[in-house]
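Commentary on secondary and tertiary structure
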Amino acid sequence: MIRSSRQNETAQPWSRRHLLKSAGVTGAATLGGGLLSACSDAGSSQAAPSKNKVRVALGWLKDIEFAGFWNADAAGYYAEEDLSVEFQGGGPNTPDTTSLLANGQADIGVHANMQILLQAIAKGNDFKMVGAALQTNPGGLLSLASDPVREPEDLVGATVLGQVGAKPQLDAIFELAGLKRDYELVPVGSTVDPLLKKRGKVLTCYMTGQPVTLELKHKMKPGKDFVAVTYEELGLPAYATIVYCKQAFLKQRGDVMQRFMRATIRGWQENLKDPETAARLVVDKYGADLGLGLDEQIRGNETQNTFMENELTRSKGLFRMDVERLGGPMYAGLRAAGVKDLPDPDEVVDAGVLDAVYRGRARL
């Protein structure tokens, strides 16, 4: 999980950096601050270094969030495309991927926070979004089944546990639902403890994080013991795990981008069928130094998979982006949250790469 400073982080409540920093389940591909570390041997493709080497800035720790990339790398799909891929892992104190690409320190970026990426484009960066792995952003709200939040009306008069930066999105939920703003935001960390202690009605969360903690650690059942609702279900849709690059990269090395996406999509297609393999790769190889639990990574990956497909991706392939959906309900939600100067949606998405990869098919 995308900006250039912690000031930006506090403005993005649905970013993983906020929601998973303390949860310890799945990282959160988003935000940053210092300098991305170079990848280890475990994060590099099997292909020998060549003129087709590409540096990929991930935006967060090397966890299950990047499952399809790990599958593609471990299976040799990048090598088959004559690519040598260097994955640069991020973390709480690393710079945003947009800064790395703007400064020439990476060729391709993977961003969790659509808002920050769009704002970077609006500021003059010539970034193009090539595709989005997650068609629904997994950020949302978590509540106990005894006092659930399932729709905007349930937030009226509620005490919301979360980061200060959640306020714009909460305000937007009320505005889009035609409700008067009536809630109290209480700053807390990312653990589920404040919710379990009933210090508030609802907790900001990431669906692959805190709900998984309730299931595995606290033996609670979704629906019966707790309710998790995405921001999209509350009226704020957004893409996540967005692959992007500079316009100049597409012009100069468009074939490289196509080969990278072809291998990557193959990895994600496999992940939909078998979420356990990538989880083991994370625990044993790519994120071996993170101390991640296998059960948590598997469950988080299973949950992540539920956000990958919709009608568009089933008919035209994974990673597809709908410009009308972006400029329509997604932009409406951002504007309701106070975001201004959004770039022309037709100018920020490049569908040509995936068109060339799929060639009229929906699967590879």
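The structure we're discussing is the one just above.
This one's a predicted model, so the numbers in the text were calculated from it and none came from an experiment.

Scanning the protein from N- to C-terminus turns up 16 helices and 10 strands. Buried residues in the protein amount to 59% of all 364 residues. As displayed, the protein offers around 13800 Å² of accessible surface, 46% of which is attributable to carbon and sulfur atoms.

A separate point is the sheet that holds strand 6 (residues 158–162). The strands that make up a sheet are held in pairs by hydrogen bonds between backbone atoms, and each pair lies either parallel or antiparallel. With mixed pairing, 5 strands are arranged side by side in an open sheet as 7-6-8-5-9. Unpaired on one side and paired on the other, strand 7 (183–187) and strand 9 (226–230) mark the two borders of the sheet. Averaged over all pairs of adjacent strands, the angle between their axes in this sheet comes to 30 degrees, without regard to strand direction. When strand 5 (residues 139–144) meets strand 9, the two strands line up antiparallel, connected through 5 bridges. Following the sheet pairing, Leu141 is matched in strand 9 by Val229. Across the face of the sheet, helix 7 (residues 167–176) comes into contact with strand 6 and strand 7 while running at roughly 160 degrees to strand 7.

In the structure shown here, the tally under the stated rule is 14 salt bridges. Ionic pairing is found between Glu175 and Arg181, a salt bridge with its closest N-O pair at 3.9 Å. Of the charged contacts, one joins Asp255 and Arg259 as a salt bridge, the two residues approaching to 3.0 Å between their closest N and O atoms. Residue Asp255 and its partner Arg259 are both found in helix 10 (residues 247–273); the two are separated by 4 residues, about one turn of the helix. We classify Asp255 as partly exposed; its relative accessible area is 43%. Overlapping salt bridges bring together Lys167, Asp171, Glu175 and Arg181 as one network.

A word on the packing of helix 3 (residues 67–74) against helix 11 (residues 275–286). Running from amino to carboxyl end, helix 3 crosses helix 11 at an angle of 75 degrees, the nearest separation of the two axes being 9 Å. With respect to helix 11, the axis of helix 3 lies roughly perpendicular. Where helix 3 approaches helix 11, its residues Ala67, Trp70, Asn71, Asp73 and Ala74 are matched on the opposing element by Thr277, Ala278, Leu281, Val282 and Tyr286. Looking at the contact of helix 3 with helix 11, its residues break down into 7 nonpolar, 2 polar and 1 charged.

The subject of this paragraph is the packing of aromatic side chains. Enumeration according to the criterion identifies 12 aromatic pairs in this entry. Ring geometry for Phe69 versus Trp268: centroids 6.0 Å apart, planes at 85 degrees, classification edge-to-face. On the criterion of sequence distance, the pair formed by Phe69 in helix 3 and Trp268 in helix 10 is long-range, its members being 199 residues apart. Residue classification places Trp268 among the buried residues on the basis of a relative accessible area of 0%. Of the aromatic side chains, those joined through ring pairs into one cluster are Phe66, Phe69, Trp70, Tyr78, Phe87, Phe260, Trp268, Tyr286 and Phe319. Just above the ring of Tyr77 sits the side chain of Arg266; from NZ or CZ to the centre is 3.7 Å. Taking NZ or CZ as reference, Arg325 lies 5.2 Å from the ring centre of Tyr239, over its face.

Let's shift gears to the pairing of strand 5. The element strand 5 is extensively covered by neighbouring structure, given that 6 of its 6 residues are classed as buried. Of the pairings in the sheet, the one linking strand 5 to strand 8 (residues 202–206) comprises 5 bridges and is antiparallel in character. Within the sheet, the bridge partner assigned to Leu141 lies in strand 8 and is Thr204.

Right, let's get into the sheet that holds strand 1 (residues 53–57). Here 5 strands make up an open sheet; going across it, the order is 2-1-3-10-4 and the pairing mixed. The open sheet is flanked by strand 2 (84–88) and strand 4 (127–134), the only strands paired with a single partner. Taking the axes of each pair of neighbouring strands and ignoring which way they run, one obtains an average angle of 25 degrees across the sheet. For strand 3 (residues 108–111) and strand 10 (residues 240–246), the ladder comprises 4 bridges, and the chain directions are antiparallel. Residue Ile108 lies in a different strand from strand 10, and its bridge partner there is Cys245. On top of the sheet, helix 6 (residues 114–122) reaches strand 3, strand 4 and strand 10; it is set at about 170 degrees to strand 4, its chief contact.

The rules behind these values
- Residues numbered from 1 in each chain as written.
- Predicted model: local features only at pLDDT ≥ 70, side-chain atom pairs only at ≥ 80, totals over all residues.
- Heavy atoms only, no water.
- Helix = DSSP H or I, 4+ residues; strand = E, 2+ residues; numbered from the N terminus.
- Buried < 20%, exposed > 50% of the residue type's maximum accessible area, 1.4 Å probe, protein only.
- Areas by Shrake-Rupley, 256 points an atom, 1.4 Å probe, with all protein chains shown as cover.
- Pairing = 2+ DSSP bridges.
- Axes fitted to C-alpha atoms, helices over the stretch in contact; angles between N-to-C directions.
- Contact = heavy atoms within 4.5 Å.
- Salt bridge = Lys/Arg side-chain N within 4 Å of Asp/Glu carboxyl O.
- Parallel < 35°, antiparallel > 145°, perpendicular 65-115°, else oblique.
- Nonpolar A, V, L, I, M, F, W, Y, C, P; charged D, E, K, R; others polar.
- Phe/Tyr/Trp six-rings, centres within 6.5 Å; stacked < 30°, edge-to-face > 60°.
- Lys NZ or Arg CZ within 6 Å of the ring centre and 35° of its normal.

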